[in-house]
Amino acid sequence: MRYVIYVLSIALITVFLIIYGQAKEYYLPAELTKRLYIKCKDKILKYLYKNKSATYKELEKEIEGVTAKVFWSRKSMTVLEPNKMVRTVVENLLKQDKIKIQDVNGKKIVVLK
């Protein structure tokens, strides 16, 4: 009877670990996307604090090639299309009221508030 309990407990622990690993793998793309967005947002805000204003092209150059990783996986995510990421980050920063966009000589300039 004692051995049956040991075998059942090992089986339950094994099943739990397998399900936990699969859940981590399932949510990995969302976690990498979130971390990549946060890294890009931080880089853009740091660049704006330093330079006071920037064009979209300058921000694209700043975040080009940014990579995000999580410690439990070898997989990573990198910015390959910085123009899309810059637009997403700038839209969200506008919603958070951290930046404003000015139109100077037909160019859109991103400025900190």
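Scroll up to find the structure this text is about.
These remarks concern the structure in this document. (Residues numbered from 1 in each chain as written. Predicted model: local features only at pLDDT ≥ 70, side-chain atom pairs only at ≥ 80, totals over all residues. Heavy atoms only, no water.)

Re unusual backbone geometry
The backbone phi angle of Lys52 is positive, close to 70°, even though this residue is not glycine. Its location among the elements puts Lys52 in the loop between helix 1 (2-51) and strand 1 (53-55). (Helix = DSSP H or I, 4+ residues; strand = E, 2+ residues; numbered from the N terminus.)

Overview of the packing of aromatic side chains
Summed over the entire model, instances satisfying the criterion amount to 3 aromatic pairs. Considering the side-chain rings of Phe16 and Tyr20, the 6.2 Å spacing of their centres and the 20° angle between planes classify their relative orientation as stacked. In this pair, Phe16 and Tyr20 both sit in helix 1, 4 residues apart, roughly one turn of the helix. For the ring pair Phe71 and Trp72, a centre distance of 5.4 Å and an interplane angle of 90° mean the geometry is edge-to-face. Above the face of the Trp72 ring, Lys24 is positioned so that its terminal group lies 3.7 Å from the ring centre. Residue placement shows Arg87 over the ring face of Tyr56; its charged tip is 5.2 Å from the ring centre. (Phe/Tyr/Trp six-rings, centres within 6.5 Å; stacked < 30°, edge-to-face > 60°. Lys NZ or Arg CZ within 6 Å of the ring centre and 35° of its normal.)

Side note on a nonpolar patch on the surface
Nonpolar side chains collect at one region of the surface, where Ile13, Phe16, Leu17 and Tyr20 lie side by side and expose about 460 Å² of accessible area between them. The topology assignment puts Ile13 in helix 1. (Patch = residues over 30% accessible without salt bridge, like charges linked within 9 Å, V, L, I, M, F, W, Y side chains within 5 Å. Areas by Shrake-Rupley, 256 points an atom, 1.4 Å probe, with all protein chains shown as cover. Salt bridge = Lys/Arg side-chain N within 4 Å of Asp/Glu carboxyl O.)

Description of a positive patch on the surface
On the surface, Lys39, Lys43, Lys46, Lys50 and Lys69 cluster together into a positively charged patch. No other element matches the 4 residues that helix 1 contributes to the positive patch. Residue position: Lys43 is located in helix 1. Since its relative accessible area comes to 33%, Lys43 is described here as partly exposed. (Lys, Arg positive; Asp, Glu negative; His and termini not counted. Charge placed at Lys NZ, Arg CZ, Asp CG, Glu CD. Buried < 20%, exposed > 50% of the residue type's maximum accessible area, 1.4 Å probe, protein only.)

Overview of the nonpolar core
Core analysis: the largest hydrophobic core is formed by 22 residues, its most contacted members being Cys40, Ile44 and Leu59. For this core, the elements supplying multiple residues, two or more each, are helix 1, helix 2 (56-63), helix 3 (82-95) and strand 5 (107-112). It is helix 1 that provides the largest number of residues to this core, a total of 7 residues. Those residues in contact with Cys40, other than ones at most four positions away along the chain, are Ile63, Val66, Val79, Met85 and Val89. (Core = buried A, V, L, I, M, F, W, Y, C linked by side-chain atoms within 4.5 Å. Contact = heavy atoms within 4.5 Å.)

Coordinates in, geometry out; function isn't part of it.
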